[in-house]
Amino acid sequence: STDGRGGWQRTGTLHTDRSSTEHGFVSWAREGDHLRAVWLDARSMAQTGATALWTAEVRRGVAGEERELDPRVCDCCQTAMTMADGKAVVAYRDRSDAEVRDMSVLRRLGEGWSPPAPLAADGWTIRACPVNGPSLAAAGSRVVAGWFTAAGGSARVAVAFSNDGGASFGPPHGIDAEQPPGRVTVSWTAEGDAILLWLGRNGDDGEVRLIRISPHGRVGKPVVLGRTSAGRVSGLPRLIVRGPRAYVAWLDSLASRLRVVAIETASLPAP
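All of the points below concern the structure found in this document. (Residues numbered from 1 in each chain as written. Predicted model: local features only at pLDDT ≥ 70, side-chain atom pairs only at ≥ 80, totals over all residues. Heavy atoms only, no water.)

**Comments concerning the nonpolar core**
Rule in force here: Working definition of a nonpolar core: buried Ala, Val, Leu, Ile, Met, Phe, Trp, Tyr and Cys residues. They are joined through side-chain atoms within 4.5 Å. Type-normalised accessible area, obtained with a 1.4 Å probe on protein chains alone, sets the label of each residue: buried when under 20%, exposed when over 50%, and partly exposed for intermediate values. Comment: elements are numbered from the N terminus, with helices defined as DSSP H or I runs of at least four residues and strands as E runs of at least two. Whether two residues are in contact is decided by their heavy atoms: any pair within 4.5 Å suffices.
Counting 20 residues, the largest nonpolar core has Val-144, Val-157, Phe-161, Ile-175, Leu-196, Trp-198 and Ile-213 as the members making the most contacts within it. Going through the elements one at a time, strand 12 (142-149), strand 13 (156-162), strand 15 (182-188), strand 16 (194-202) and strand 17 (205-213) are the ones with two or more residues in this core. Residues contacting Val-144, with those up to four places away along its chain left out, are Ser-135, Leu-136, Ala-137, Ala-160, Phe-161, Val-186, Ser-187, Trp-188 and Ala-194. One finds Ala-84, Val-89, Ala-120 and Val-143 within the second-largest nonpolar core, a separate group that totals 15 residues.

**Focus on the state of the cysteines**
Rules: Cysteine sulfur pairs qualify as disulfides if the two atoms are within 2.5 Å.
Within this structure, the stated rule accounts for zero disulfides. Cys-76 forms no disulfide, and the closest cysteine sulfur to it belongs to Cys-129, at a distance of 3.0 Å. Relative accessible area serves as the criterion here: at 15%, Cys-129 is assigned to the buried category.

**Some points on the pairing of strand 11 (residues 135-139)**
Let me state the cut-off plainly: The criterion for strand pairing is that DSSP finds at least two bridges linking the strands in question.
Here strand 11 pairs with strand 12 via five bridges, running antiparallel. Across the sheet, Ser-135 pairs through a bridge with Gly-146, a residue of strand 12. Connecting strand 11 to the antiparallel partner strand 12 that follows it, the hairpin turn spans two residues, and Gly-140 within it adopts a positive phi of roughly 70°.

**A look at the sheet that holds strand 16**
So the rule is basically this: Under this scheme, a helix contributes an axis fitted over its contacting stretch, all axes are lines through C-alpha atoms, and angles between N-to-C directions fall in the 0 to 180 degree range.
Judged by pairing direction, the sheet is antiparallel, and its four strands sit side by side in the order 15-16-17-18 without closing on themselves. This sheet does not close on itself; its edge strands, each paired only once, are strand 15 and strand 18 (223-229). Neighbour-to-neighbour, the strand axes of the sheet open up by a mean angle of 25°, direction not taken into account. In this structure, strand 17 lies alongside strand 18, joined through six bridges in antiparallel fashion. In the sheet register, Leu-210 faces strand 18, and the bridge partner there is Val-223.

**Focus on the environment of Ala-158**
As for its placement among the helices and strands, Ala-158 is situated in strand 13. Apart from the residues within four sequence positions on either side, Ala-158 is in contact with Ala-145, Gly-146, Trp-147, Pro-172, His-173 and Ile-175.

**Focus on the sheet that holds strand 13**
Strand order across the open sheet formed by four strands is 11-12-13-14, with antiparallel pairing between neighbours. The open sheet has two edge strands, strand 11 and strand 14 (173-176), and neither has a second partner. Shown here is a sheet whose adjacent strand axes are inclined to one another by a mean of 25°, direction ignored. In this structure, strand 13 lies alongside strand 14, joined through three bridges in antiparallel fashion. Residue pairing across strands places Val-159 opposite His-173, the latter belonging to strand 14.

**Comments concerning the side chain of Ser-229**
Looking at where Ser-229 falls in the secondary structure, it is placed in strand 18. Dropping the residues within four chain positions of it, Ser-229 is found in contact with Leu-199, Gly-206, Ser-234, Ser-253 and Leu-254.

**A word on the environment of Gly-182**
Tracing the backbone shows Gly-182 in strand 15. You can call Gly-182 buried: its relative accessible area is 0%. Along the chain, Gly-182 and Ala-158 lie 24 residues apart, while their C-alpha atoms are 9.5 Å from each other. Non-local contacts of Gly-182, meaning those with residues more than four positions away in its chain, are made with Asn-132, Phe-148, Val-157, Trp-198 and Leu-199.

**Quick word on the packing of aromatic side chains**
Quick note on the threshold: Planes of paired rings set the category: under 30 degrees apart is stacked, over 60 is edge-to-face and the rest tilted, where pairs are Phe, Tyr or Trp rings (Trp by its six-membered ring) whose centres lie within 6.5 Å.
Per the stated rule, a full pass over the model turns up two aromatic pairs. For the ring pair Trp-124 and Phe-148, a centre distance of 5.8 Å and an interplane angle of 75° mean the geometry is edge-to-face. Note that Trp-124 is positioned in the loop between strand 10 (117-118) and strand 11 and Phe-148 in strand 12, a separation of 24 residues in sequence. Take Trp-124: its relative accessible area is 8%, and that puts it in the buried class. For Phe-148, a relative accessible area of 7% gives the class buried.

**A look at unusual backbone geometry**
Phi is positive for Asp-85, close to 55°, though the residue is something other than glycine. Among the secondary structure elements, Asp-85 is positioned in the loop between strand 6 (80-84) and strand 7 (87-93). Despite not being glycine, Ser-256 has its phi angle at roughly 55°, a positive value. With respect to the element layout, Ser-256 can be found in the loop between strand 20 (245-252) and strand 21 (257-264).

Spatial relationships are all this shows, so hold off on functional conclusions.
Below you can see the structure in the form of structure tokens.
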């Protein structure tokens with residue numbers, strides 16, 4: 001839609017591949033005068049045994065040339081993309097030959113892309129996909145990343161910050177190490193802090209939590225927004241910040257209800 005009034009036009013598919021393999025887990029961002037997408041693509045699964053990360057741009061409603069960014073990634077964890085100083089930064093769960101599935105980051109560099117770089121060396125070896133991808137948000141050259149890992153058998157949620165457009169990230173800051181289900185989303189506030197939304201654990205249930213974090217890693221007290229199932233049936237809580245407010249939506253699968261909350265970001269406990 002380009003008319004600001006909800007008039008939609010069909011643009012076809014992002015990918016030219018017409019095989020019945022997976023193409024999904026798409027992330028979008030505005031890149032200059034066009035849009036950029038990244039997604040997971042299994043067109044080469046039969047030959048390589050792996051899902052790949054692909055990208056394409058969309059100009060005036062038409063998808064452009066596709067490009068493979070990483071030939072071997074985790075099969076069904078959400079991708080994440082943001083624009084830092086107008087340049088695309090992508091995070092995703094990578095997959096090594098030894099089945100280490102840590103987060104990697106790559107960036108748009110002119111007409112090319114940087115090679116994948118580790119977001120954090122968690123060392124999580126798992127021979128399956130945890131369906132638990134990362135989240136990114138940028139404010140100028142500042143980037144915040146949030147993710148879940150269960151390396152060493154200990155489930156936890158962490159964040160890390162970059163001051164150079166995602167070229168490098170500082171050490172991770174632990175947010176929740178009490179066996180959370182994860183499913184994180186991050187954003188920046190008007191106050192200059194980051195906020196993290198995730199699914200924590202309260203007994204056998206999941207607990208939707210929101211926390212404010214300074215760019216130096218100081219952490220405020222989490223605010224509990226509600227409960228839901230800790231299982232996959234509860235899906236992925238969502239967060240968006242507009243001006244002074246954060247809007248959170250999640251599926252309360254315990255009550256079969258979709259919950260929506262608006263909260264003033266300045267009212268969150270300061271880090």
